[in-house]
Amino acid sequence: LLGLLAADRRITVVIAASFVAVAARMSLVQFLGIYFVHRAGLDVATVGIGFLCESVMRGVLAPMFGALSDRFGRRVPLIASSLCTAVILPAFLLVHEPAALIVWSLALGVVGAINIPVSSALLLDLAPVERRQSVLALNYAAMSVAYTLGVVPAGYIAQQGYGLLAATSAAGYVVVAA
């Protein structure tokens, strides 16, 4: 498998970008519930509904974005998604009312629905047929590790301030877009 990554550096770049995107997202998402309840003063149930809206939006739109990338390409949607996420994700700092939470969650769900299906399709495009499962498994493993590693420094950063945490998470998505 490592020979495959060395043979096609584009696969390595896509997997690294998936890793950074998930780490950037998880570094912030783990602390959003705390922020919304304790800093923004929103009710726990309202925050849960907001998170549900984001998840439903991602789930409903992901197959559509995967299909659209079959027609229009993979690179532009991935870059656009990363740049939009870099703007929308830190906008949680502006959320202080239930309606704003729902709008923010829906926007985050739309841009979040692009990355996984389109990057997975790109990996399938790049990998030889006989290695597709291995490449997808490596990508999944990298994302699983990123879920954990993204949270580790985020706790410290959150203690320094949610603005810094927002900036750090946004910077991760800018790196992915680059």
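This one's a predicted model, so the numbers in the text were calculated from it and none came from an experiment.

Conventions and cut-offs
- Residues numbered from 1 in each chain as written.
- Predicted model: local features only at pLDDT ≥ 70, side-chain atom pairs only at ≥ 80, totals over all residues.
- Heavy atoms only, no water.
- Axes fitted to C-alpha atoms, helices over the stretch in contact; angles between N-to-C directions.
- Helix = DSSP H or I, 4+ residues; strand = E, 2+ residues; numbered from the N terminus.
- Left-handed = near helix turned anticlockwise from the far one by under 90°.
- Nonpolar A, V, L, I, M, F, W, Y, C, P; charged D, E, K, R; others polar.
- Core = buried A, V, L, I, M, F, W, Y, C linked by side-chain atoms within 4.5 Å.
- Buried < 20%, exposed > 50% of the residue type's maximum accessible area, 1.4 Å probe, protein only.
- Contact = heavy atoms within 4.5 Å.
- pLDDT = per-residue confidence, 0-100.
- Phe/Tyr/Trp six-rings, centres within 6.5 Å; stacked < 30°, edge-to-face > 60°.

Student: Explain the packing of helix α3 (residues 44-72) against helix α5 (residues 98-126) to me, please; I cannot follow it from the model alone.
Tutor: Angle between the axes and distance between the axes: these two values describe a pair of packed helices. Relative orientation of the contacting elements α3 and α5 amounts to 35°, with a least axis distance of 6 Å. Handedness of the α3/α5 crossing: right-handed. Classifying every residue of the contact of α3 with α5 by side-chain character gives 20 nonpolar, seven polar and two charged.

Student: Honestly, the nonpolar core in this entry has me stumped. Any pointers?
Tutor: Within soluble globular proteins, side chains that are nonpolar generally end up buried alongside one another. Membership of the largest hydrophobic core comes to 28 residues, with the highest contact counts inside it found for Phe36, Leu42, Phe92, Leu101, Trp104 and Leu165. Broken down by secondary-structure element, the contributors of at least two residues to this core are α2 (9-39), α4 (75-88), α5, α6 (132-160) and α7 (162-177). It is α2 that contributes the most residues to this core, seven residues altogether. Not counting chain neighbours up to four residues away, the residues in contact with Phe92 comprise Leu28, Leu32, Tyr35, Phe36, Trp104, Tyr162 and Ala166. Judged by nonpolar contacts, the second largest core, of 16 residues, contains Ala62, Ile114, Leu123 and Ala127.

Student: Just to check I follow, could you spell out the confidence of the model for the chain for this structure?
Tutor: In the predicted model, the chain carries a mean pLDDT of 91, and 96% of its residues have values of at least 70. Across the chain, the secondary-structure element scoring lowest on mean pLDDT is helix α1 (residues 2-7), at 57, and the one scoring highest is α3, at 95.

Student: So what exactly am I meant to see when it comes to the side chain of Ser82 here?
Tutor: Structurally, the position occupied by Ser82 is in helix α4. For Ser82, a relative accessible area of 2% translates into the label buried.

Student: Could you clarify how one ought to interpret the packing of aromatic side chains in this entry?
Tutor: One pair of aromatic rings is described through two measures. These are the centre distance and the angle between the planes. Going through the model one piece at a time under the given rule, you end up with six aromatic pairs. Taken together, a centroid distance of 6.4 Å and an interplanar angle of 85° make the contact between Phe36 and Phe92 edge-to-face. Of the two residues, Phe36 sits in helix α2 while Phe92 sits in the loop between α4 and α5, which places them 56 residues apart along the sequence. The exposure class assigned to Phe92 is buried, which follows from its relative accessible area of 0%. In textbook terms, an aromatic cluster arises when at least three aromatic residues are bridged by ring pairs, as seen for Tyr35, Phe36, Phe51, Phe92, Trp104 and Tyr162.

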